[in-house]
Amino acid sequence: MTLTQTASTGTAKKSGGAGHQASLIVQGADATGIVAAITSRLSEHGANIVSLDQYSDDPQGGAFFQRAVFGMDGLRAALPGIRASLDELAQKYALTYTLRDLSAPKRVAIFASKSDHCLLDLLWRHRRGQLPVGIAMVISNHPDVAEEVRSFGIPFFHVPSMGADKSAAEAEHLRLLKGNVDFVVLARYMQILSGDFIENLGVPIINIHHSFLPAFIGAGPYAKAKERGVKLVGATAHYVTEDLDEGPIIEQDVVRVTHADTAADLARRGADVERAVLSRAVLWHAEDRVIRNGKHTIVFT
């Protein structure tokens, strides 16, 4: 994807020598010799593997997944040759792969509504250098968070989205996003995205929601949970598909609650979990730690 350059305020801080490292994600049918072949090809180009994770869901002909991070001097100049070597392996073993220079952080757009806890947490972590991404923009269907977002030096766009017909809003979203971002995060964005929008955007979308679905759907889930005497409050981060809230799960977590907790207590603790779960999901996606495989994911943490 070709990315449009924007203000330097959206550029993440580099750490750990990422300027000389690349990530390699490989998946395909498991077979004898894949790991040795991949590592040997990298070694032939002078690459030093600093991290290697792999998983097979069945050693006897199952699916194979691997994430490698390697470093070397002159990485950018060497990448075309490495890709050519990997193309040969991909053809031999029927593999697919992605190879990415980690010195160029993924660019993300964050969507939000009135609830700001997940949005501000991501902006704070980014400013602290804890999220290796470039935040290209924040888009909201309400203007409430505009000044807070701009205080982080991030462009803010108010795109109203009211009524059943979302076509005008989605057209404006596509105008802002196309070619400018590698993925989108819905930080408690309280609007449903159409299948056409998801397809036309063409980049991964990560969503966060409370763990009560589908039991307490709709407004006031924490009040409903209090009435039912729930003992766990949690959150789920997942990729967005046309099937509402049923996309491949990236991360989940829970905290215990008691009969003494009020509905407000549940909501507060739920917000804490949402922040933690979403930030981990965004971090892992940004670092190429998540591999989608049908309806589920492999996450190398």
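Once that is clear, we can look at the overall build of the protein. Looking only at helices and strands, the protein has eight helices and 13 strands in total. Computed over C-alpha atoms, the radius of gyration of the protein comes to 21 Å, within 12% of the 19 Å expected from 2.2 N^0.38 for 301 residues, which places it in the range of a compact globule. In terms of overall dimensions, the protein has a C-alpha envelope of 60 × 45 × 35 Å along the principal axes. Taking all contacts inside the protein whose residues are at least 6 apart in sequence as the whole, residues at least 24 apart take part in 66%. Carbon together with sulfur atoms contributes 52% to the accessible area of the protein, which is approximately 14700 Å² in total.

The mixed open sheet is built from seven strands, whose spatial order is β7-β6-β5-β8-β9-β10-β11. If you trace the sheet from one side to the other, it starts and ends with β7 (156-158) and β11 (249-256), each paired once. Strand-to-strand twist in this sheet, taken as the mean axis angle between neighbours without regard to direction, amounts to 20°. In this sheet, β11 lies alongside strand β10 (residues 232-239) in antiparallel orientation, the contact comprising seven bridges. Bridge pairing in β11 places H238 opposite I249. Each of β5 (106-112), β6 (133-140), β7 and β8 (183-186) touches helix α5 (residues 167-177); the most contacted strand, β6, lies at about 160° to it.

Across the interface, helix α1 (residues 34-44) lies against helix α2 (residues 75-93) with an axial gap of 10 Å and an inter-helix angle of 165°. As summarised for this structure, α1 and α2 are arranged roughly antiparallel, according to the angle between their axes. Relative to α2, α1 is oriented so that their crossing is right-handed. Contacts from I34, A37, I38, R41 and L42 in α1 reach I82, S85, E88, L89 and Y93 in α2. Considering only residue class, the contact of α1 with α2 consists of seven nonpolar, one polar and two charged.

Before going further, it helps to spend a moment on unusual backbone geometry. Located in the positive-phi region is A94, a residue other than glycine, with phi close to 55°. For A94, the position within the fold is in the loop between α2 and β4 (95-101).

Quick look at the sheet that holds strand β3 (residues 63-71) now. Read across the open sheet, the four strands follow the order β2-β3-β1-β4; overall the sheet is antiparallel. Single-partner strands in this sheet number two, and they are β2 (48-56) and β4. Within the sheet, the average angular offset between the axes of one strand and its neighbour, ignoring direction, is 10°. Direction of pairing for strand β1 (residues 21-29) relative to β4: antiparallel, over a ladder of seven bridges. Across the sheet, residue S23 finds its bridge partner in β4, namely R100. On top of the sheet, α1 reaches β1, β2, β3 and β4; it is set at about 20° to β3, its chief contact.

Within the largest apolar cluster, 34 residues are counted, with the highest numbers of intra-cluster contacts made by I110, L119, L122, L123, V138, V149 and L278. Sorting the residues of this core by element identifies β5, α3 (117-127), β6, α4 (146-150), β8, β9 (205-210), β10 and α8 (263-286) as the ones contributing at least two each. Considering every element that reaches this core, the biggest residue donor is α8, with seven residues. Among all residues touching L119, those that are not within four sequence positions of it are I110, A112, V138, V145, V149 and A187. A47, A68, I82 and L89 belong to the second largest nonpolar core, which has 22 residues in total.

Moving on: the environment of E148. In this structure, E148 sits in helix α4. Overall, E148 belongs to the partly exposed group, its relative accessible area being 36%. Beyond its immediate chain neighbours, meaning those up to four positions away, E148 contacts D116 and L120.

Turning our eyes to something else, we now look at the environment of S279. In this fold, S279 is placed in helix α8. Counting along the chain gives 225 residues from S279 to Q54, while the straight-line C-alpha distance between them is 24 Å. Here S279 is in contact with D121, L122, R125 and L131, once residues within four sequence places are set aside. Within the structure, S279 has its side chain in polar contact with the backbone oxygen of A276 (distance 2.9 Å).

Attention now moves to the packing of aromatic side chains. On inspection of all chains with the given rule, the structure shows two aromatic pairs. When the centroid spacing of 6.2 Å and the interplanar angle of 20° are considered together, the rings of Y55 and F65 count as stacked. Residue Y55 is found in strand β2, and its partner F65 is found in strand β3; the two are separated by ten residues along the sequence. Taking the relative accessible area as the measure of exposure, Y55 reaches 39% and is therefore partly exposed. Judged by its relative accessible area of 2%, F65 is buried. With a centroid separation of 5.1 Å and an interplanar angle of 85°, the aromatic rings of F111 and Y189 are classed as edge-to-face.

Reading the values: the criteria
Residues numbered from 1 in each chain as written. Predicted model: local features only at pLDDT ≥ 70, side-chain atom pairs only at ≥ 80, totals over all residues. Heavy atoms only, no water. Helix = DSSP H or I, 4+ residues; strand = E, 2+ residues; numbered from the N terminus. Rg over C-alpha atoms; globule rule 2.2 N^0.38 Å. Contact = heavy atoms within 4.5 Å. Areas by Shrake-Rupley, 256 points an atom, 1.4 Å probe, with all protein chains shown as cover. Pairing = 2+ DSSP bridges. Axes fitted to C-alpha atoms, helices over the stretch in contact; angles between N-to-C directions. Parallel < 35°, antiparallel > 145°, perpendicular 65-115°, else oblique. Left-handed = near helix turned anticlockwise from the far one by under 90°. Nonpolar A, V, L, I, M, F, W, Y, C, P; charged D, E, K, R; others polar. Core = buried A, V, L, I, M, F, W, Y, C linked by side-chain atoms within 4.5 Å. Buried < 20%, exposed > 50% of the residue type's maximum accessible area, 1.4 Å probe, protein only. Polar contact = N/O pair within 3.5 Å; in protein donor to acceptor, adjacent residues only side chain to side chain. Phe/Tyr/Trp six-rings, centres within 6.5 Å; stacked < 30°, edge-to-face > 60°.

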